[in-house]
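A look at the structure
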Amino acid sequence: MIDLYWTVIPVMLVHFYASHPLARADRARSVAVVVLTWVWSVRLTHNYFRRERWEWGKREDWRFSDMREDYGRHWWWISFFAVYACQQVFLMGICLPMYSVHSSEEPWNIWDFVATIVCVVGIVIAYFADTQLYNFTRKNEVLKELGMPIEPNLEKGLWRYSRHPNYFGEQLWWWGLFIYGWNVGHGWTFVGPLVNSLCLAYVTVLVERRMLKRESRVDAYMLYQKTTSVWIPWFKSSLKGGKDKKL
């Protein structure tokens, strides 16, 4: 259930900061951040429910089920601190640029345009990456039901140029939000997106280890690792170190 929590809290926080009696902000910047936060939240919520077949909490995140198996009878208190308590602090920290935007009347400038573009590009990339992954998963489910061989790996669309384009898009969103905060003199808010990036780096390692445990796709994924960028989209590399620039 923690996934849905992530889609709700940032929206609540941005409205809390924007409507606070002591809030002071450039109107254009405030509106941009509020609207973009809603767009980001709708995209993430849609992706969650689409993935779960439009049911609330249909399945448990494999990372948490693995943790429960690893920690056994200690899982109840470890999950309280590692999954729930720490994410309260994490969410507030990553949303601090929203506070910054509503604590300064610095007029809108070129850096706000940059921040807006970065946020929009991040949301768009994440949407298309998740949609391509969803379509790939659904196609394999149909092939499996028909008793036909499944595709071992997704290497089309954005996934041709990055092994985790959805994570890349998500990072662009949070770093774009940070640019708003930095632009009004609150550069210290970089801590939020930095910690988030480090956490996603760890999740990336977990995901790739999980992929390599599947015998049906281990060879294909090992080749994919050797030829495809981890996060930042880039041309495929040949095994000899050259570049395959065919689109």
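- An unreviewed UniProt entry lists the protein chain under the name Steroid 5-alpha reductase C-terminal domain-containing protein, from Acorus calamus.

1. Some details on the overall build of the protein chain
- When helices and strands are counted, the protein chain shows nine helices and four strands.
- Counting from the amino terminus, helix and strand elements in the protein chain follow one another as α-β-α-α-α-α-β-α-α-α-α-β-β.
- Its C-alpha atoms give the protein chain a radius of gyration of 20 Å, near enough to 18 Å, the size a compact globule of 247 residues would have.
- Relative to its full complement of 247 residues, the protein chain shows a buried share of 42%.
- Element-wise, carbon and sulfur atoms account for 66% of the exposed surface of the protein chain, whose accessible area totals about 14,300 Å².
- Computed over 29 positive and 22 negative side-chain charges, the separation of the two mean positions in the protein chain equals 5 Å.

2. Some points on the environment of Tyr167
- Along the polypeptide, Tyr167 turns up in helix H7 (residues 165-183).
- A residue is classified by how much of its surface remains accessible, and Tyr167, at 17% relative accessible area, is buried.
- Separated by 70 residues in sequence, Tyr167 and Pro97 have C-alpha atoms that sit 20 Å apart.
- Residue contacts for Tyr167: discarding those within four places in its chain leaves Leu200, Val203, Thr204, Val207 and Trp231.

3. What to know about the environment of Arg217
- One can find Arg217 in the loop between helix H8 (191-212) and helix H9 (218-227).
- Arg217 gets classed as buried once you look at its relative accessible area, which sits at 10%.
- Distance in space between the C-alpha atoms of Arg217 and Ile150 is 9.7 Å, their sequence separation being 67 residues.
- Residues in contact with Arg217, not counting those within four places in the same chain, are Asn140, Ile150, Glu151, Pro152 and Met211.
- A distance of 3.2 Å separates a polar side-chain atom of Arg217 from the backbone oxygen of Pro152.

4. Describing the state of the cysteines
- Enumeration according to the criterion identifies zero disulfides in this entry.
- Considering cysteine sulfurs only, Cys199 is the nearest to Cys86, which forms no disulfide, with 7.8 Å between them.
- You can call Cys86 partly exposed: its relative accessible area is 35%.
- The class of Cys199 is partly exposed, set by a relative accessible area of 33%.

5. Describing the packing of aromatic side chains
- Under the counting rule described, the total for this entry stands at 14 aromatic pairs.
- With centroids separated by 5.3 Å and ring planes inclined at 90°, the aromatic side chains of Trp108 and Phe113 adopt a geometry described as edge-to-face.
- Measuring from centroid to centroid gives 4.9 Å for Trp111 and Trp182, while their planes differ by 85°, and the two rings are edge-to-face. One end of the pair, Trp111, is in helix H6 (residues 110-145); the other, Trp182, is in helix H7, with 71 residues separating them in the sequence.
- Through a chain of ring-to-ring contacts, the aromatic side chains of Phe16, Tyr17 and Tyr99 assemble into a single cluster.
- One residue, Arg50, lies across the ring of Tyr134, its end atom 4.9 Å from the ring centre.

6. Some thoughts on the packing of helix H4 (residues 75-94) against H8
- The interhelical angle for the contact between H4 and H8, taken along N-to-C directions, is 130°, at an axis separation of 7 Å. On the basis of their axis angle, the class for H4 and H8 is oblique. Here the hand of the crossing between H4 and H8 comes out left-handed. Along the contact surface, H4 presents Phe90, Gly93 and Ile94, while H8 presents Gly192, Pro193, Val195, Asn196 and Cys199.
- The residue makeup of the contact of H4 with H8, split by class, is five nonpolar, three polar and no charged.

Reading the values: rules and limits
Residues numbered from 1 in each chain as written. Predicted model: local features only at pLDDT ≥ 70, side-chain atom pairs only at ≥ 80, totals over all residues. Heavy atoms only, no water. Helix = DSSP H or I, 4+ residues; strand = E, 2+ residues; numbered from the N terminus. Rg over C-alpha atoms; globule rule 2.2 N^0.38 Å. Buried < 20%, exposed > 50% of the residue type's maximum accessible area, 1.4 Å probe, protein only. Areas by Shrake-Rupley, 256 points an atom, 1.4 Å probe, with all protein chains shown as cover. Lys, Arg positive; Asp, Glu negative; His and termini not counted. Charge placed at Lys NZ, Arg CZ, Asp CG, Glu CD. Contact = heavy atoms within 4.5 Å. Polar contact = N/O pair within 3.5 Å; in protein donor to acceptor, adjacent residues only side chain to side chain. Disulfide = S-S within 2.5 Å. Phe/Tyr/Trp six-rings, centres within 6.5 Å; stacked < 30°, edge-to-face > 60°. Lys NZ or Arg CZ within 6 Å of the ring centre and 35° of its normal. Axes fitted to C-alpha atoms, helices over the stretch in contact; angles between N-to-C directions. Parallel < 35°, antiparallel > 145°, perpendicular 65-115°, else oblique. Left-handed = near helix turned anticlockwise from the far one by under 90°. Nonpolar A, V, L, I, M, F, W, Y, C, P; charged D, E, K, R; others polar.

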